[in-house]
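Structural features, examined
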Amino acid sequence: AFGPESELAWWRQADGHYQLRLLTEGNVPDGSISWQANEPLTADPPYQSLLFGAYDDDSAAGIPSWSEARIPRRLHYPLPADSQPAKQVALRLQNLRRHEIAVGTRLLAVEAVGAES
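Described below are features of the structure shown in this document. Computed from a predicted structure; not experimentally measured.

1. Topic: the sheet that holds strand β7 (residues 75-76)
A sheet is described by the order of its strands in space; here three strands give the open sequence β5-β6-β7, paired in antiparallel fashion. Sheet topology places β5 (54-56) and β7 at the edges, where each strand pairs with a single neighbour.

2. Details of the pattern of salt bridges
Tallied over the entire structure, the rule returns two salt bridges. Linking Glu111 and Arg92 is a salt bridge whose minimum nitrogen-to-oxygen distance equals 3.1 Å. On the criterion of sequence distance, the pair formed by Glu111 in strand β9 (residues 101-115) and Arg92 in strand β8 (residues 86-98) is long-range, its members being 19 residues apart. Accessibility expressed as a relative area gives 22% for Glu111, which makes it partly exposed. Judged by relative accessible area, Arg92 falls into the partly exposed class, the value being 22%.

3. Some thoughts on a nonpolar patch on the surface
Together, Leu8, Trp10, Tyr18, Leu20 and Leu22 make up an exposed nonpolar region whose accessible area comes to about 530 Å². Those elements that place two or more of their residues in the nonpolar patch are β1 (6-12) and β2 (18-24). The element that contributes the greatest number of residues to the nonpolar patch is β2, accounting for three residues. Here Leu8 lies in strand β1.

Quick notes on the rules
- Within each chain, residue numbers correspond to sequence positions counted from 1 in written order.
- This being a predicted model, a pLDDT of at least 70 is required before a residue's local features are given, and a value of 80 or more before pairs of side-chain atoms are given or counted; all residues contribute to the totals for chains, interfaces and linings.
- The side-chain numbers reported here are obtained from all heavy atoms of the structure, hydrogens and water having been left aside.
- Note on pairing: two strands pair once DSSP finds at least 2 bridges between them.
- Put simply, DSSP H or I for four residues or longer makes a helix, DSSP E for two residues or longer makes a strand, and each gets a number counted from the N terminus.
- Here, a salt bridge means any Lys or Arg side-chain nitrogen found within 4 Å of an Asp or Glu carboxyl oxygen.
- Only protein chains enter the accessibility calculation, which uses a 1.4 Å probe; a residue whose area is less than 20% of its type maximum is buried, one above 50% is exposed, and one in between is partly exposed.
- Patch membership requires over 30% relative accessible area and the absence of a salt bridge. Like charges are linked within 9 Å, and nonpolar side chains (Val, Leu, Ile, Met, Phe, Trp, Tyr) within 5 Å.
- Residue burial considers only the protein chains on display, and all accessible areas are found by Shrake-Rupley using a 1.4 Å probe.

Encoded structure:
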């Protein structure tokens, strides 16, 4: 889950518990265990990475959407359905570095790329 100011990621551990990571430019929620690096991270300029998928205007739900069907279940991308769908869909990403070494990638947004004519 991600947005313009934060990203929440989670992993299921072998013991069935979940590990969470919150990257944020805002305040950490009350009750959270906060960790801050000794050295601040620097952020590269944002860039796009194209996603696989197709515009489906004949879905079973009757709602047009961009989605990917090659994974075990259909994954719908959070883009508005409009009369001129995008040609492709991309993630807006930003690499984070410490001492010039990439230590992570932050997800900023899902974006439409180009419009069909």
